[in-house]
Amino acid sequence: MKVKVILMLLIVAMTTMGFECVNEDAVFSINVQGVSGTYLVPQGSQTLALTTWTFTPSQYLGGDYGDISNVRIYDIRVTTAGAFSGNVSGTITLNNVAVLTIVNKPWASFSAPGQSLITSTLFSAPNAAAIQAVIQAIKSSQPVVLGMSGSLSSAAPAGLSVTVEVLGQVDANL
Amino acid sequence: MHLIQRFRFLISGSLVAAIVLVAGVARAESDFEKILRQQNQTNVQGYMQPIADLFGANLHSGFNHSAYIPQSGFHFRFDIMAMAGLVQDDQMSYEAQSPEGFTPSKFKTATIFGGKGGSVPNPIAPGDTNLAYKGSDGLFSTTIFPLAAPQITIGHVYGTEAVIRYVPIPEIGSLPAITLWSLGARHSVSQYLEGFPIDLAVGAMYSSFSVGDLVTVKGYAAALQASKEWTVFLIYGSLQMEKSTLTLSYKTTDPNATNQTINIDLEGSNVFRATIGGGLSLGFLKLYADANFGAITSVSGGIGFGF
């Protein structure tokens, strides 16, 4: 009987040692898929026609992370492909609100690896209201619409494209 | 099931679940794996390194007790071992890699045993938290990291006994299979030293722990053991060399990652330990407890039944 009691106490001790040690309110900061889109510039065109890409929560999150308590947009990157000696201007939108503009900058300066919002001087300051709006959309599990439009300083040769990537982090309460 | 509830269930629900907190982490693989898959190699390494240190130390605890090993005769003992590594302050935070362009390039944030995650401001708008980059919070708020396992000792042949630990947990639904096993042997040195005042033995053990194909821990230990018994009392000590490696294997979906295939080997920091302990032998029942000093300080204890 004594052995059983000792054994039970040991089992209880071992099985409860970690019981109160889990951080109930821990949040995991997860680098999510984000949103990105590539616009193929038609040969001969001088206009980058307004193009949008719509992303569902499962697409921009890349998984189901339970309750999302916070969202951060930590970078926007623009990369051009193809040889073009002229300049480019453009506007990037999130949920149809302009978040970033580029005014008459050399196309080649956006060649791979591209320009990052963080390190580049080629962008305007990001529109905080647009960032906030998209954060609210993500928190509410709403779709996110990435948009792009702009123009070139001269007609486009063949093989030009522009890729926009928006990188985000979510705090998930798993 | 909510992840936290699942942890609680795992930790409090059964002896098997007490194998370790990390087993709880791993058994919630469907959720935890999502977290891992979003992390790049550098940051996962920092976040998980304390688990490798503590789990590796625990895996090799509780191996050394009495060094008295008869030359022959049947011996069988069943032990329930409990070990706990002590979480140190420097295991609660690490230097995480900031995304490209952020300054500083590294920032201090929580490990799995830390508190709130740290953050690094975005250089283009340092005051705007919507543009910052943040590390995850710690998952466990604890100063000890426990492990429990059953152990069988069988002997004796030419002053040698075998030590076996084995815990198989089959795949249950989406939860992966978990297997812990150790195989060791101890050999009496005293049998070659007639009249030596204390018992001496040498031993070696190999251990493996796996959770699906996401986490594996493997390690080995070799020890020189000494003990002295007086009636029911036992004191013992040992010097042990050991090595353990925690391997994480997965494909990351972190857009910042330069390499999508992650195979991380986290070496346990404990490579040497000195152990001192004591025990009681009450006939069929054995009790023992010890303290282990090395890069990781840990304690272990157990209850054994046998003859």
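Please refer to the structure placed before this passage.
The following paragraphs examine the structure supplied in this document. (Residues numbered from 1 in each chain as written. Chains lettered and ligands numbered in written order. Predicted model: local features only at pLDDT ≥ 70, side-chain atom pairs only at ≥ 80, totals over all residues. Heavy atoms only, no water.)

### A closer look at the pattern of salt bridges
Here comes step 1: Per the counting criterion, the structure on display carries 9 salt bridges over all chains.
Here comes step 2: Where Arg72 of chain A meets Asp171 of chain A, a salt bridge forms, and the shortest distance between an N and an O atom there is 2.7 Å. With Arg72 of chain A in strand S4 (residues 67-81) and Asp171 of chain A in strand S9 (residues 160-173), this pair connects stretches of sequence that are 99 residues apart. For the residue pair Arg72 of chain A and Asp171 of chain A, the accessibility class agrees, reading buried in each case.
Here comes step 3: In this structure, the salt-bridge partner of Lys134 of chain B is Asp137 of chain B, at a minimum N-O distance of 3.4 Å. A single burial state applies to Lys134 of chain B and to Asp137 of chain B, both of which are buried.
Here comes step 4: Shared partners join several salt bridges into a network, and the residues in it are Asp25 of chain A together with Lys116, Lys134 and Asp137 of chain B. (Salt bridge = Lys/Arg side-chain N within 4 Å of Asp/Glu carboxyl O. Helix = DSSP H or I, 4+ residues; strand = E, 2+ residues; numbered from the N terminus. Buried < 20%, exposed > 50% of the residue type's maximum accessible area, 1.4 Å probe, protein only.)

### A few points about empty space enclosed by the protein
Residue and element names in this part refer to chain A.
Here comes step 1: All told, the structure shown has 5 cavities of 30 Å³ or more when counted by the stated rule.
Here comes step 2: Within this model, the second largest cavity holds a volume of roughly 110 Å³.
Here comes step 3: Around the second largest cavity, the lining is made up of 16 residues, and of these Val32, Gly34, Ile73, Ile138 and Gly168 lie nearest the centre.
Here comes step 4: Ranked by residue count, the leading element in the lining of the second largest cavity is S9, at 5 residues.
Here comes step 5: Of the residues belonging to the lining of the second largest cavity, the class tally is 12 nonpolar, 3 polar and 1 charged. (1 Å grid on protein atoms, 1.4 Å probe; cavity = no way out; pocket = protein on both sides within 12 Å on 5 of 7 lines; lining within 4 Å. Points joined across faces, edges and corners; volume = space filled by probe spheres on them. Nonpolar A, V, L, I, M, F, W, Y, C, P; charged D, E, K, R; others polar.)

### Some words on the nonpolar core
Here comes step 1: Ile76, Leu146 and Leu152 of chain A together with Leu248 of chain B are the most contacted members of the largest nonpolar core, which totals 96 residues.
Here comes step 2: Ranked by the residues each element gives to this core, the list is headed by helix H4 (residues 41-59) of chain B, at 9 residues.
Here comes step 3: Residue assignment places this core across two domains, with domain 1 (3-86 + 145-306) and domain 2 (88-141) of chain B each supplying three or more. (Core = buried A, V, L, I, M, F, W, Y, C linked by side-chain atoms within 4.5 Å. Domains from an automatic or database assignment.)

### Focus on the pairing of strand S6 (residues 97-106) of chain A
Side-chain direction in a regular strand flips from residue to residue, so the side chains alternate between the two faces of the sheet.
Residues and elements named next belong to chain A.
Here comes step 1: As defined by bridge partners, strand S5 (residues 87-94) adjoins S6 across 7 bridges and the pair is classed as antiparallel. Paired with Ile92 across the strands is Leu100, a residue of S6.
Here comes step 2: Linking S5 to S6, which pair antiparallel, is a turn of 2 residues; within it Asn95 sits at a positive phi near 50°. (Pairing = 2+ DSSP bridges.)

### Quick look at the pairing of strand S6 (residues 144-157) of chain B
All names here are of chain B.
Here comes step 1: Pairing of strand S1 (residues 72-86) with S6 involves 13 bridges; the strand directions are antiparallel. By the bridge assignment, Ala82 is partnered in S6 with Ala148.
Here comes step 2: For S6 and strand S7 (residues 160-169), the ladder comprises 5 bridges, and the chain directions are antiparallel. By the bridge assignment for S7, Thr153 is matched with Val163.
Here comes step 3: Hairpin connection, S6 to S7: the antiparallel pair is bridged by 2 residues, and Tyr158 has positive phi, about 50°.

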